[in-house]
Amino acid sequence: MNVFDWLSDMDIPVAQRFDVLEVKFKGGRKEYFRNVNQLDLTTGDFVVCEMQSGYHIGMVSLQGELVRLQMKRKKVLVNDDLKVIYRVANEKDLEKHTQTIARDLPVMYRSREIIRELKLNMKLSDVEFQSDNTKATFYYSSEERVDFRELIKLLASEFRVRVEMRQISLRQEASRLGGLGSCGRELCCSTWLTDFKSISTSAARYQNLSLNPSKLSGQCGRLKCCLNYELETYMDALSDIPSVNAPLKTKKGNAFLQKTDIFKRIMYFGFEKDNNWYPVAVDKVREILDMNKKGIVPESLEIMLMPEMALAQERKEAGSLNTDLESLDRKYSESPQKKKKKKNRNNRNKNRNQSPKAEKS
């Protein structure tokens, strides 16, 4: 949400400065305002901004030529419709602003009670009062269309403000509330991510992730945005890996694809009545596919294994056969020692208990 102004040290003449500033409000919301009065402002200053009705106080988040680039990226036109900045906020303005912020939580709790009484299928997530106490924006989320005309009447009469209902998506709701993700860091949507792109389950399939909804979904209940971060890298790596739609035919039997290590470029195959997986390089898989198309059936996958892979497979199979015997040997070799230790401890305790009796006698 914060942008480093790498042009702040450059001295630009006042006449050539871009007179539009980016101002940040509650929940990470940003809007653009004209600096008509040529105020000497720095990033972090609180300013009084023009609104449709009244004024609101926000913090300057960006200024200079970077604002022009941000407006171009967000496709915001520089015209006379942009609102202006009145002045720098003084102590009285900031005191009034803190008082309005203090109203947000009590009003939100009371509004939720009213929504429950009216039995409306909507979730109220946040309330934002304007700094002049004339308007309140209620942010809600709902999966269906809600008739809140009666709700607006009750809210306006109880809180005596002009009410605006604004529907937000579940991702926007999570970004406003914030929280910690499964990675242990703050949510991307509440710290730096501003554009929400569509995410499909194919992104998880390309990355060989298990399709577990509890692990793939974020706090918003939708698929995690981070599934798209490495998707292009996986897509580039998968472009050279052949797609195996049918089992590989060998004289030993049909070998089915079990797993693909994308970056090591190894594909693991297994036979129907065999629990072992055989790692085969991607180039060898292509050779087998071409052989099957020509009607040639190789002896088995073991022949196509790399030398180091074949050795590792033999060690794995040999180790799996001897594991049961080794565990039994350890069990029976350790048990007598434990019994001896317990007997020695019992004898020591008996001697300690009998020694004071002998002294008394």
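The coordinates are above.
Parameters at a glance
Residues numbered from 1 in each chain as written. Predicted model: local features only at pLDDT ≥ 70, side-chain atom pairs only at ≥ 80, totals over all residues. Heavy atoms only, no water. Salt bridge = Lys/Arg side-chain N within 4 Å of Asp/Glu carboxyl O. Helix = DSSP H or I, 4+ residues; strand = E, 2+ residues; numbered from the N terminus. Buried < 20%, exposed > 50% of the residue type's maximum accessible area, 1.4 Å probe, protein only. Core = buried A, V, L, I, M, F, W, Y, C linked by side-chain atoms within 4.5 Å. Contact = heavy atoms within 4.5 Å. Pairing = 2+ DSSP bridges. Axes fitted to C-alpha atoms, helices over the stretch in contact; angles between N-to-C directions.

Let us now look at the pattern of salt bridges. For the structure shown, the criterion picks out 16 salt bridges. Across the pair Arg176 and Asp126 runs a salt bridge whose closest N-O atoms are separated by 2.9 Å. Residue Arg176 is located in helix H5 (residues 170-177), and its partner Asp126 is located in strand S6 (residues 123-129); the two are separated by 50 residues in the primary sequence. We classify Asp126 as buried; its relative accessible area is 12%. Beyond isolated ion pairs, a larger network of salt bridges with shared partners links Lys26, Asp104, Asp126 and Arg176.

All right, on to the nonpolar core then. Judged by nonpolar contacts, the single largest core of 19 residues is most densely connected at Met122, Leu124, Val127, Phe138, Leu151, Leu155 and Met165. For this core, the secondary structure elements donating two or more residues are helix H3 (104-118), S6, strand S7 (135-141), helix H4 (149-159) and strand S8 (162-167). Looking at which element gives the most residues to this core, the answer is H3, with four residues. Aside from chain neighbours lying at most four places away, what touches Val127 is Lys26, Asp104, Val107, Met108, Thr137 and Phe138.

If you walk across this open sheet you meet the four strands as S9-S10-S11-S12, and the pairing is antiparallel. Edge positions in the sheet fall to strand S9 (248-249) and strand S12 (278-281), since each of these pairs with one other strand and no more. In the sheet, strand S10 (residues 254-261) pairs with strand S11 (residues 266-270) via five bridges, with the strands oriented antiparallel. For Asp261, the partnering residue across the bridge sits in S11 and is Ile266.

Ordered in space as S1-S2-S5-S3-S4, the five strands form a closed barrel in which the pairing is mixed. Each neighbouring strand pair of the sheet contributes to a mean axis angle of 55 degrees, computed without reference to strand direction. Across three bridges, strand S3 (residues 46-50) lies against strand S5 (residues 83-88) in antiparallel orientation. Within the sheet, the bridge partner assigned to Cys49 lies in S5 and is Ile85. Helix-sheet contacts for helix H1 (residues 65-73) involve strand S1 (20-24), strand S2 (30-34) and strand S4 (55-62), and the interaxial angle to S1 is about 75 degrees. Sheet strands in contact with helix H2 (residues 91-102) are S3, S4 and S5, and its direction is about 100 degrees off that of S4.

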